[in-house]
Amino acid sequence: MFINELTDGAELDQVLLVRELERRARRDGGDYLRLLLGDRTGAVAAMVWEGLEETTELARPGEPVHVRGRYALHPRFGPQINLRRLLAAEPGSFVLGDLLDGPQREAAQMERDLRALIATVQEPHLRVLLERILGERSQLWASYRVAPAAKYYHQAYRHGLLEHCLGVAQAVSAASATFPGIDRDVAVTGALLHDIGKLEAYTVEGGQDRMIDLTDRGRLHGEIALGYYRVRRTIEEIDGFPERLEWAVSHIILSHHGSLEHGSPVVPCTREATLVHMIDNLGGRLGSFDRLEKELAPGSRWSTLDRALGAAAFFPEPESLQAAREVRAPAAREALEVA
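These numbers come from a predicted model, not from an experiment.

A. The overall build of the protein chain, seen in detail. Within the protein chain, the secondary structure is distributed over 13 helices and 7 strands. Looking at the protein chain as a whole, 45% of its 339 residues are labelled buried. Within the protein chain, contacts between residues separated by at least 24 positions form 57% of all contacts whose residues are at least 6 apart in sequence.

Now the structure itself:
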């Protein structure tokens, strides 16, 4: 049974993935452990009040563990698992794919799409920059290809960074043809590189990228600064790289969060930076819908309140969407005939 299928009072006797393990102080003295246990459809908290050392040794973040307990909806703290026992996950007792989330497209197809997009960049210095960082033989490509895009909210899984940056860049490329005055090559380059700092800001543990966390450099410097200096160093190694292009691409990286309160040291001041920021923000928010839809309980249309969206998400039933399309289709045909 998947996490999103659990109902209040359901008994658990299955393998789940340890997403997090945190030691906390109890109000009456002593410590307790807060575990976050999950599968590819979501995660739920569990508290451990006794046997902390044994649990810490058994329930290692990024590794599967056999869980026995009861799923409960606490009136104040929400969903949680009342644990009875944790056991080592025996080989063959679980399917790893059931525990790990992943992109909707195959990584090989996304790589082909990225290579095709880079080939459309006509400005030679920008093409060299992209090949130096994302080329098949570059030092960073292997990491970029498998890295997650985030720790929690959107595409927090293997190949998530590739999926996110490619999607942003493809949308930026399409929008560049619609809005006048945009340097498409600059915008696409910035879109593909805007999150490159996450390669140094995040670490993954447990094999198959089962646990995502911030590195010390990620906490101390932040992914924007790390990305800016990574791209700046690469540009300095390219002979004759135009200053105007260096400014343009760097500004996209530095401003892509959109505001000072969201972590950007500057706000978008060019068409290209504004476009990348808007599409990046859109991609992240739509990625949250993908995450929430996977976590949705069978038969449900509304998610719980989501911090990333600031609201609950609504998912119409497929039949409702099809009915709406059928209603709209005759009107659309009639409009075309009139036109």
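What follows continues from the structure just given.
B. Region of interest: the nonpolar core. Counting residues in each nonpolar core, the largest one holds 47 residues, and the members touching the most others are Leu114, Leu129, Leu134, Tyr144, Leu192 and Val231. Broken down by element, the residue count for this core peaks at 8 residues, all from helix 6 (residues 160-176). Every residue in contact with leucine 192, bar those within four places of it in the chain, is listed here: Leu114, Leu117, Ile118, Leu130, Leu134, Tyr144, Cys165, Leu166 and Ala169. Leu16, Tyr71, Ile81 and Leu86 belong to the second largest nonpolar core, which has 19 residues in total.

C. The arrangement of helix 6 in detail. Given a rise of 1.5 Å per residue, 17 residues ought to cover 24 Å, and the 24 Å separating the end C-alpha atoms of helix 6 matches this to within 8%. Burial runs high along helix 6: 13 of the 17 residues are buried.

D. Local environment of helix 4 (residues 124-134). Turning to helix 4, its buried residues are Leu126, Leu129, Leu130, Ile133 and Leu134. Taken down its axis, helix 4 places every buried residue within 95 degrees of arc, on the same side. Summarising the contacts, the buried residues of helix 4 are in contact with helix 3 (107-119), helix 5 (141-146), helix 7 (184-193), helix 10 (223-236) and helix 11 (243-255). Sitting at the amino-terminal end of helix 4 is glutamate 123, which places a side-chain oxygen 2.7 Å from the backbone nitrogen of histidine 125.

E. Molecular detail of the environment of threonine 304. When you line up the elements, threonine 304 lands in the loop between helix 12 (271-295) and helix 13 (318-338). Using a relative accessible area of 63% as the deciding quantity, one classes threonine 304 as exposed. When sequence neighbours within four positions are dropped, the list of residues in contact with threonine 304 reads Ala311 and Ala312.

F. Spotlight on the pattern of salt bridges. Summed over all chains, the structure comprises 17 salt bridges. For arginine 26, the salt bridge is made with aspartate 28, and the minimal N-O distance between the two is 3.6 Å. In this structure arginine 26 comes out as partly exposed when scored by relative accessible area, which is 30%. Residue glutamate 57 is joined to arginine 60 by a salt bridge in which the shortest nitrogen-to-oxygen separation is 2.4 Å. Salt bridges sharing partners connect three or more residues here, namely Glu11, Arg70 and Arg84.

Calculation notes
Sequence positions are assigned chain by chain, starting from 1 and proceeding in written order. Note on the predicted model: pLDDT of at least 70 is required for a residue's local features to be given, and 80 or more for side-chain atom pairs to be given and counted; whole-chain, interface and lining totals, by contrast, use all residues. Note that water and hydrogens are dropped before the side-chain values are worked out from all heavy atoms of the structure. Secondary structure elements are defined from DSSP: runs of H or I of at least 4 residues count as helices, runs of E of at least 2 residues count as strands, and each element is numbered from the N terminus. Note on exposure labels: buried denotes an accessible area under 20% of the residue type's maximum, exposed denotes more than 50%, and partly exposed covers the range between, all computed with a 1.4 Å probe on protein chains only. What makes two residues a contact is simply this: any of their non-hydrogen atoms within 4.5 Å. Buried Ala, Val, Leu, Ile, Met, Phe, Trp, Tyr and Cys residues that are joined via side-chain atoms within 4.5 Å together make up what is termed a nonpolar core. Helix span, expected: 1.5 Å multiplied by one less than the number of residues in the helix. Summarising the geometry, the arc corresponds to the directions from the helix axis toward the C-beta atoms. Polar contacts, as used here, are pairs of N or O atoms within 3.5 Å; protein pairs need one atom able to donate a hydrogen and one able to accept it. Residues neighboring in sequence count only if both atoms are side-chain atoms. Each salt bridge in this description consists of a side-chain nitrogen of Lys or Arg and a carboxyl oxygen of Asp or Glu lying within 4 Å of one another.

Keep in mind these values describe shape, not function.
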